[in-house]
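# Secondary and tertiary structure notes
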Amino acid sequence: MSMGTEELLKKEANLSDVDSPGENVPQSDSEVSSMLSAYKSEGDPQVYEGAYTELKKFVEGALDIYKHELGMILYPVFVHMYLELVYNGHEEQAIGLMDRFGKDQDDYYQDDLKRLSHITKKDHMKGNELSDTFKSNEFIIRMSRDTLSILKRHLQEKKHSVVLNIVQEHLYFDMYEGVARNKQQIESTAGSMLGEATRQDNKTKVYYGLLKEPDIQYMPVEEEEEGDGDGADKPKKKKQKKDPLFSKKTKSDPNAPPLDRMPLPDLKDADRMEKVKALREASKRVTLGPDSLPSICFYTLLNSAQVVTSAEVAEDSSLLAVGFTDAVIKVWTLVPQKLRAMKSSEQLQDIDREADDVLVRMMDDRSSEMCRVLSGHGGPVYRVTFSPDRTLLLSCSEDTTSCGVCKRGPVLSATKGTSTLFGMCVSPLMVTTLLLRAMTRLARLWATDQHQPLRIFAGHFSDVDCVQFHPNSNYVATGSSDRTVRLWDCVTGNHVRLMTGHKAPIYTLCFSVEGRFLASAGADCRVLLWDLAHGHLLAELTGHTGTVHSLAFSRDGHILTSGALDCSIKLWDFTKLAEEVSLEDVNISHNPDIKKSDSYLLRSYGTKNSAVLALHFTRRNLLLAIGMFDL
């Protein structure tokens, strides 16, 4: 659709010319006051109820093909009518409007309406997160050209100034050419605090491919050369042969970001050795599928149902860290090697610092234990995570601090903020270089060697509850209580994808192995799968009856697993799902049909009474699960 056509339609519909919504940042007092003035008195407060009733009848009487898109305006118009009545001091009429029509709104808006119903006076509006969000931002409605024309004619004929003012001041119509969407398509992307994403939100190119693996010098494998019978007594010679693991050349991903797009640290010798170890383990990996499901090892935390807040397994599956409400962190070793403390300062003076095994000599063998307790926070620990090289354990807490802890040593640093820290993650490629903290409405990108953030990601309308780095480290995904998922570019700091469809706060995110897909889940008990190439919702996986707190893809990418508070683990056939969705032939004007078939569920495993908190696949595709047993 040309810009001229869009402008002409807006003029005909008597709609204000509003720019496409951009980044949303906290409003200053003067900006909020100016937005408050948008709620002007319309004289008789009784006209609001009549105007909304007539608008509702118009929507219900429309043709079925347009009815569902027209119905999207009912909720935002209702909210702004309520706030306008409150602002003008008509408390009785506002309460009456809420009592009569509040229950008619969709179920996923009821929590917001309950919070809104507590605002009954003008003074309550100032500083209220929900009312400020509605006043300061437009509600996005994606609507076809034909549906918008029908709405325009209705508003012109009825001339209800109350509805017309709200439509002009507080609604933004992202119009597209094409057939109006059906109920299923609308429901799949509805539910966020402020409507849907505009087409412009998801137009930026995303480099979702993986970077080419660095060349790792192979370590020669010595092979004994057998002698013949006559020379049996002679010493056997050894010859070197190439390890087949390193003879294969990795192909470049055409969707990967340019190598110079983001600075990456050079691999250290220890990192190369770790990659060699990982490749050797991967060569023994079990290939999973419908006929070869993973074995599950479940670690149950006893007497801790109400005190455990987070759990994390190290990338190599050697360590388990658990955060608690009493501000402590416990670390267990999952391998025979025990955790040792550092020697005393007097003993450390006698160690040769130039020795190759200086790190080993620093540890006290007499203090080895299976579990260690780390203290330092002053409030519940909401997230723990290991750095990829396992030299650091990072944590964040309600005490507004994030800490970096040596695997076998003391607290290295503590960074204090101003708000509760709900989540953090570490870049998979930058070893201990970058971490990300989530706080109220903001996500911040930090370097562990700096005290100031490198990037501040602003745009969410409520708390950021979870964060996750993309496998190529160029992007970060965030999930929020505003019921949206956003993808941020670490280079520019801008959001490049805005994905709506969840009906409740989002608590866990997981990227697919190849980087193109993102799975999200939370309090609405559903797992949603997104295509990052276009920002479209591809599938909705249902079956859980409790909040989903953990997602994990198998190391070969064939299976997606989900764990929830309903004491169950579900395995989904991701390979089948990816094959059935059409990734190339996508209607860019609105979302394609969403896959909801139950055939993707491979198996569901239930525990006796242990809620699932974390899931992790080992390098050989054994599934580790952590949960709390509740009597």
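As annotated in an unreviewed UniProt entry, the chain carries the name Transcription initiation factor TFIID subunit 5 and comes from Timema californicum. Taken directly from UniProt, the Sequence similarities (unreviewed entry) text for the chain runs: "Belongs to the WD repeat TAF5 family." Its UniProt record, at the heading Subcellular location (unreviewed entry), says of the chain: "Nucleus".

The phi dihedral of Asn-303 falls on the positive side, at around 55 degrees, and the residue is not glycine. With respect to the helices and strands, the residue Asn-303 is situated in the loop between strand E5 (296-301) and strand E6 (308-313). The residue Arg-483 is not glycine, and still its phi comes out positive at about 70 degrees. Examined against the element boundaries, Arg-483 turns out to sit in the loop between strand E21 (475-480) and strand E22 (484-489).

What follows is about the nonpolar core. The biggest cluster of nonpolar side chains holds 55 residues, and the ones touching the most others in it are Met-81, Leu-116 and Phe-173. In this view, Leu-116 contacts Val-79, Tyr-82, Leu-83, Met-98 and Leu-130; residues no more than four positions away in its chain are not counted. Counting residues in hydrophobic clusters, the runner-up holds 19 residues, among them Val-527, Leu-529, Phe-574 and Val-581.

Taking 1.5 Å per residue, 14 residues should reach 20 Å; helix H10 (residues 145-158) reaches 20 Å between its end C-alpha atoms and fits that length. Buried within H10 are the following residues: Thr-147, Leu-148, Ser-149, Ile-150, Leu-151, Lys-152, His-154 and Leu-155. Lys-159 sits one or two positions beyond H10 and adopts a positive phi of about 55 degrees.

What holds strands together in a sheet is hydrogen bonding between their backbones, with the strands either parallel or antiparallel. One open sheet accounts for 4 strands, arranged E6-E7-E8-E11; its pairing is antiparallel. The open sheet terminates on both sides in strands that have one partner only, identified here as E6 and strand E11 (371-374). Averaged over neighbouring strand pairs, the angle between their axes works out to 20 degrees when direction is ignored.

A cluster of nonpolar residues, Leu-63, Ile-65 and Val-179, forms a patch on the protein surface that exposes about 310 Å² of accessible area. Counting through the fold element by element, Val-179 comes out in the loop between strand E2 (171-176) and helix H12 (183-189).

Here Asp-132 lies in helix H9 (residues 129-136). For Asp-132, a relative accessible area of 15% corresponds to the buried category. Separated by 329 residues in the primary sequence, Asp-132 and Phe-461 have C-alpha atoms spaced 9.7 Å apart.

Before going further, it helps to spend a moment on the packing of aromatic side chains. Following the criterion strictly, the structure yields 9 aromatic pairs and no others. Between Tyr-75 and Tyr-109, the ring centres sit 3.7 Å apart and the planes meet at 5 degrees, which makes this aromatic pair stacked. In this pair, Tyr-75 sits in helix H5 (residues 74-87) while Tyr-109 sits in the loop between helix H6 (91-101) and helix H7 (110-117), placing the two residues 34 residues apart along the sequence. In this pair, the class of Tyr-75 matches that of Tyr-109, namely buried. The interplanar angle of 70 degrees and the centroid separation of 6.3 Å between the aromatic rings of Tyr-75 and Phe-134 together place this pair among those described as edge-to-face. With Tyr-75 in helix H5 and Phe-134 in helix H9, this residue pair connects regions lying 59 residues apart in the sequence. The class for Tyr-75 is buried, based on a relative accessible area of 3%. Aromatic rings pair up to connect Tyr-75, Tyr-108, Tyr-109, Phe-134 and Phe-139 into one cluster. Directly above the ring of Tyr-108 sits Lys-503, whose terminal nitrogen or CZ lies 5.0 Å from the centroid.

Its place among the elements puts Thr-500 in strand E23 (residues 495-500). Assessed through its relative accessible area of 5%, Thr-500 is described here as buried. Setting aside residues up to four positions removed in sequence, Thr-500 forms contacts with Ser-188, Thr-189, Ser-192, Gly-195, Glu-196, Ala-197, Thr-484 and Trp-530.

Remark: H5 packs on helix H11 (residues 161-170), axes separated minimally by 10 Å, with the N-to-C direction vectors making an angle of 105 degrees. Between H5 and H11, the angle is such that the two are roughly perpendicular. Judged by residue contacts, Val-77, His-80, Met-81 and Glu-84 of H5 engage Val-162, Val-163, Ile-166 and His-170 from H11. In the contact of H5 with H11, the residues fall into 5 nonpolar, 2 polar and 1 charged.

What follows concerns the packing of helix H3 (residues 47-60) against H10. Running from amino to carboxyl end, H3 crosses H10 at an angle of 145 degrees, the nearest separation of the two axes being 12 Å. The handedness of the crossing between H3 and H10 comes out as right-handed. From H3, Glu-54, Leu-55 and Phe-58 reach across to H10, where they touch Ile-150, Leu-151, His-154 and Lys-158. Split into classes, the residues belonging to the contact of H3 with H10 amount to 4 nonpolar, 1 polar and 2 charged.

Detailed reading of the predicted coordinates is not advisable wherever pLDDT falls low. Looking at the chain as a whole, the pLDDT averages 84, with 81% of positions reaching at least 70. Ignoring residues within four places in sequence, the model shows residues 220-229, a span with pLDDT below 50, making 17 contacts including any to other chains. Low confidence marks residues 406-416, where pLDDT is under 50. Its contacts with residues over four positions away, or in another chain, come to 32 contacts.

Thresholds, definitions, all that
- Residues numbered from 1 in each chain as written.
- Predicted model: local features only at pLDDT ≥ 70, side-chain atom pairs only at ≥ 80, totals over all residues.
- Heavy atoms only, no water.
- UniProt positions renumbered as here; feature names shortened; annotations may be inferred.
- Helix = DSSP H or I, 4+ residues; strand = E, 2+ residues; numbered from the N terminus.
- Core = buried A, V, L, I, M, F, W, Y, C linked by side-chain atoms within 4.5 Å.
- Buried < 20%, exposed > 50% of the residue type's maximum accessible area, 1.4 Å probe, protein only.
- Contact = heavy atoms within 4.5 Å.
- Expected span 1.5 Å × (residues − 1).
- Pairing = 2+ DSSP bridges.
- Axes fitted to C-alpha atoms, helices over the stretch in contact; angles between N-to-C directions.
- Patch = residues over 30% accessible without salt bridge, like charges linked within 9 Å, V, L, I, M, F, W, Y side chains within 5 Å.
- Areas by Shrake-Rupley, 256 points an atom, 1.4 Å probe, with all protein chains shown as cover.
- Salt bridge = Lys/Arg side-chain N within 4 Å of Asp/Glu carboxyl O.
- Phe/Tyr/Trp six-rings, centres within 6.5 Å; stacked < 30°, edge-to-face > 60°.
- Lys NZ or Arg CZ within 6 Å of the ring centre and 35° of its normal.
- Parallel < 35°, antiparallel > 145°, perpendicular 65-115°, else oblique.
- Nonpolar A, V, L, I, M, F, W, Y, C, P; charged D, E, K, R; others polar.
- Left-handed = near helix turned anticlockwise from the far one by under 90°.
- pLDDT = per-residue confidence, 0-100.

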